[in-house]
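A look at the structure
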Amino acid sequence: ASLCVHHQPEQRSGGMSKVCSSCGKHDAPLRCQCKAAYYCSQVCQKNNWSAHKAKCPVHLTKALEKSKGRAGADERLIAKETFTLGRVLLDQDRMKEAETHMK
């Protein structure tokens, strides 16, 4: 399983503190490409990956696309992955993205 590979320094917005999803430290400078998780270091991101990947839209989208591309793809697996991705996006109030994946 691959980690969210595109960590970007987070711009401070309105003085809000970004909390590390792994250790809870404030002002975490890194964020996952999905923009739902922040980290103070790559070590914290790696430590949190097993928990985060289950709700990371970037990871779930890549897994879904990989499953769709397999010869003899399991339709039940694709349906389950599509539902999981849609549910995660809905839970994160990302309605437009959820609608795109649920079609």
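Here, the structure is the one placed above.
My aim in this report is to walk through the structure given alongside it, one point at a time.

What counts and how
Residues numbered from 1 in each chain as written. Predicted model: local features only at pLDDT ≥ 70, side-chain atom pairs only at ≥ 80, totals over all residues. Heavy atoms only, no water. Core = buried A, V, L, I, M, F, W, Y, C linked by side-chain atoms within 4.5 Å. Buried < 20%, exposed > 50% of the residue type's maximum accessible area, 1.4 Å probe, protein only. Helix = DSSP H or I, 4+ residues; strand = E, 2+ residues; numbered from the N terminus. Expected span 1.5 Å × (residues − 1). Arc of directions from axis to C-beta. Contact = heavy atoms within 4.5 Å.

Let's talk about the nonpolar core
- The biggest cluster of nonpolar side chains holds 11 residues, and these are Cys-20, Ala-28, Leu-30, Cys-32, Cys-34, Ala-37, Tyr-38, Tyr-39, Cys-44, Cys-56 and Val-58.
- Judged by nonpolar contacts, the second largest core, of 7 residues, contains Leu-60, Leu-64, Ile-78 and Leu-85.

Points about helix α3 (residues 75-91)
- In a regular helix each residue adds 1.5 Å, so 17 residues correspond to 24 Å; α3 covers 24 Å between its end C-alpha atoms and thus fits that length.
- If you check which residues of α3 are buried, you get Ile-78, Glu-81, Thr-82, Leu-85, Gly-86, Val-88 and Leu-89. The buried side chains of α3 occupy one side of the element, clustering within an arc of 160 degrees when seen end-on. In α3, those exposed residues whose orientation departs by more than 90 degrees from the buried face are Arg-76, Lys-80, Phe-83 and Asp-91.
- Asp-93 occupies a position one or two residues after α3 and carries a positive phi of about 55 degrees.

Quick look at helix α1 (residues 42-52)
- Taken together, the buried positions of α1 are occupied by Cys-44, Gln-45, Asn-48, Trp-49 and His-52. Down the axis of α1, the sector holding all buried residues measures 155 degrees, keeping them to one side. Of the exposed residues in α1, the ones pointing more than 90 degrees away from its buried face are Val-43, Lys-46, Asn-47 and Ser-50.
- Against the buried residues of α1 lie β3 (38-39) and α2 (57-69).

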